[in-house]
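Given next are the chains, with one letter for each unit.
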Amino acid sequence: MTGLISRRLLLGTTAAMLPLPGLIRARGDTPEFEMKMGNDNPMSHPNSIRQQEAADRILKESNGRVKISVFPNNQLGGDTDMLSQLRSGALEFMTLSGLILSTFTPLSSIYGIGYAFKDYKSVWAAVDGDLGNMIRDSIGKAGLYGFEKIWDNGFRQISSSTHPIRTPDDLKGYKIRVPVSPLWTSMFEAFGAAPASINFSEVYSALQTKIVEGQENPLVNIETAKLYEVQKYISITRHMWDGFIMLANGRNWKGLPPDVQALIAKNLNGSAEDQRNDYASTDGAYRKQLIQQGMEFNDPDPEAFRQVLIKAGFYDKWKAKYGADAWSVLEKYTGKIGT
Ligand code: X2X
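Residues numbered from 1 in each chain as written. Predicted model: local features only at pLDDT ≥ 70, side-chain atom pairs only at ≥ 80, totals over all residues. Heavy atoms only, no water.

On to the nonpolar core. Formed by 57 residues in total, the largest nonpolar core has its most connected members in Ile113, Phe117, Leu131, Phe188, Phe314 and Tyr322. Residues from two domains meet in this core; each of domain 1 (2–152 + 243–281) and domain 2 (155–240 + 284–334) gives at least three. Among residues more than four places away in sequence, those in contact with Phe117 are Tyr111, Ser122, Val123, Ala126, Leu131, Phe155, Leu330, Tyr333 and Thr334. With 43 residues, the next largest nonpolar core counts Ala55, Phe93, Leu207 and Ile234 among its residues. (Core = buried A, V, L, I, M, F, W, Y, C linked by side-chain atoms within 4.5 Å. Buried < 20%, exposed > 50% of the residue type's maximum accessible area, 1.4 Å probe, protein only. Domains from an automatic or database assignment. Contact = heavy atoms within 4.5 Å.)

Turning to the sheet that holds strand 6 (residues 157–160), a few remarks are in order. Sheets are built from strands paired through backbone hydrogen bonds, the pairs being either parallel or antiparallel. Across the sheet, which stays open at both edges, the 6 strands sit in the order 8-7-9-6-10-12 with mixed pairing between neighbours. Strands at the two margins of the open sheet, each flanked by one partner only, are strand 8 (194–197) and strand 12 (296–298). If you compare each strand with its neighbour and ignore which way they point, the axes differ by 30° on average. One ladder, built from 3 bridges, connects strand 10 (residues 233–235) with strand 12; its direction is parallel. Across the sheet, the residue bridging to Ser235 is Asn298, located in strand 12. (Pairing = 2+ DSSP bridges. Helix = DSSP H or I, 4+ residues; strand = E, 2+ residues; numbered from the N terminus. Axes fitted to C-alpha atoms, helices over the stretch in contact; angles between N-to-C directions.)

Before going further, it helps to spend a moment on unusual backbone geometry. Within the chain, Lys226 stands out as a residue other than glycine whose phi angle is a positive 55°. Position of Lys226 relative to the elements: it lies in the loop between helix 10 (219–224) and strand 10. With relative accessibility at 40%, the residue Lys226 sits in the partly exposed group.

With that out of the way, let us pick up helix 4 (residues 79–88). All of the buried residues along helix 4 are Asp79, Met82, Leu83 and Leu86. All buried residues of helix 4 fall inside an arc of 105° around its axis, so they share one side. Positive phi appears at Gly89, one or two residues downstream of helix 4, with a value of about 95°. (Arc of directions from axis to C-beta.)

Another point: the side chain of Asn39. With respect to the secondary-structure elements, Asn39 resides in the loop between strand 1 (33–38) and helix 3 (46–61). Side-chain polar atoms of Asn39 contact the side chain of Ser48, separated by 3.4 Å. Not counting the four nearest positions on each side in its chain, Asn39 is found in contact with Asn47, Ser48, Gln51, Phe71, Pro72, Asn73, Asn74, Met82 and Thr95. (Polar contact = N/O pair within 3.5 Å; in protein donor to acceptor, adjacent residues only side chain to side chain.)

A word on the pattern of salt bridges. The final tally for this structure, using the stated rule, is 19 salt bridges. For the salt bridge of Glu61 with Lys266, the shortest nitrogen-to-oxygen distance reads 2.8 Å. Taken together, the residues Glu61 in helix 3 and Lys266 in helix 12 (residues 258–280) connect sequence positions 205 residues apart. For Arg156, the salt bridge goes to Asp242, with nearest N and O atoms at 3.5 Å. Taken together, the residues span a long stretch of sequence, with Arg156 in the loop between strand 5 (151–155) and strand 6 and Asp242 in strand 11 (residues 241–249) at a distance of 86 residues. (Salt bridge = Lys/Arg side-chain N within 4 Å of Asp/Glu carboxyl O.)

One pass over the structure, following the stated rule, counts 14 aromatic pairs. For the ring pair Phe188 and Phe191, a centre distance of 5.4 Å and an interplane angle of 65° mean the geometry is edge-to-face. The exposure class of Phe188 is buried, given its relative accessible area of 0%. For Phe191, a relative accessible area of 1% gives the class buried. Every member of this aromatic cluster is reached through a ring pair, and the members are Tyr111, Tyr120, Trp124, Phe155 and Trp241. (Phe/Tyr/Trp six-rings, centres within 6.5 Å; stacked < 30°, edge-to-face > 60°.)

This next bit is on helix 12. Given 3.6 residues per turn, any residue in an α-helix points the same way as the ones three and four places further on. For helix 12, which comprises 23 residues, the first-to-last C-alpha distance of 33 Å matches the rise-based estimate of 33 Å (1.5 Å per residue) to within 8%. Those residues of helix 12 that fall on the buried side of the exposure criterion are Val260, Leu263, Ile264, Ala265, Asn267, Leu268, Asn269, Ser271, Ala272, Gln275, Arg276 and Tyr279. (Expected span 1.5 Å × (residues − 1).)

Let's shift gears to the domain arrangement of the protein. Per the domain assignment, the segments making up the protein are domain 1 (2–152 + 243–281) and domain 2 (155–240 + 284–334). Centre-to-centre separation of domain 1 and domain 2, based on C-alpha positions: 28 Å. Each partner contributes to the interface: domain 1 provides 38 residues, whereas domain 2 provides 35 residues. Each partner contributes to the roughly 2,900 Å² buried at the junction of domain 1 and domain 2, and carbon and sulfur atoms together form 67% of this total. At the junction of domain 1 with domain 2, the criterion picks out 1 salt bridge. (Buried area = accessible area lost by both parts, 1.4 Å probe.)

This paragraph deals with the site of the ligand. In the vicinity of the ligand there are 13 residues, among which Asp40, Asn153, Arg156, Arg177 and Asn217 approach most closely. At a separation of 2.9 Å, an oxygen atom of the ligand approaches a polar side-chain atom of Arg156. Asn221 is positioned such that a nitrogen or oxygen atom in its side chain is 3.5 Å from an oxygen atom of the ligand. For the shell around the ligand, the class distribution of residues is 4 nonpolar, 4 polar and 5 charged. Here the shell around the ligand spans two domains, and each of domain 1 (2–152 + 243–281) and domain 2 (155–240 + 284–334) adds at least three residues to it. (Near = heavy atom within 4 Å. Nonpolar A, V, L, I, M, F, W, Y, C, P; charged D, E, K, R; others polar.)

Take a look at the structure:
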């Protein structure tokens, strides 16, 4: 008998008037499962909004039995910190770029190869299909759990405080922040830039203090993290697509009863699809908004950048690292890469 029931009985409530067990929990009893979820996105970012919505639905549909508290905006630490918390089991869930995760599971960066994907149709076919399955397998083998639906992070564009990036030559010696990931560093080295690995939690201040001249991110991230306050130019380079993989600690996940797993998976995968739709139509609106906020846009020719990567041996290097089999799974969705 729960404390609430016994108090009510003491107060003379009849059994017929007692709420259903689930409702008792929803009205303030401690949930049976309490877990945390972290991300690196500002509160106003579609990720944070949709993750909170999923957590609210999970609480409601479990009648208060399963509570996930969402901590957006690096409140639990930067991505590298959150990943170690996730691995130790101190954090139950987080969304993380597969490229950053690749410091732990090397294969998970494969979808981020420069200029591999041209459009969302092929992105979703790949990450919902065999390419995603291959990545999820490698994550599972490493003691984490990767949910079926990957959340969108978007096609990435280069921003700058010093000069617009119009041609690959403009990247020569360019001090650019990249997330902590060998693939990102390698790609910008291939362009002849000087990349610095910095967690997203430190990007605003790194740009403000001019430790770096620029960074690269989808427009939604530039807008919601207010990077327009410390940047002047945006070049629509679309140099790669990135996603956020919803991850759980493997041991914690396996320890949950199947009905709880099913409820969580249904809602997190469903909210990932809602979040993808949030993204689908927003690039144009963000461009307008960022122009109003003082940013200058330009649209360089992507082919010139891709040719530099080919000549630098970038594609050969990464094909060898991932292996020909994994590479052919990627090419099944993208067509031939690096030729
Ligand atoms: O760190 C970034 O730039 C971000 C927010 O895009 C990722 O999480 C990869």
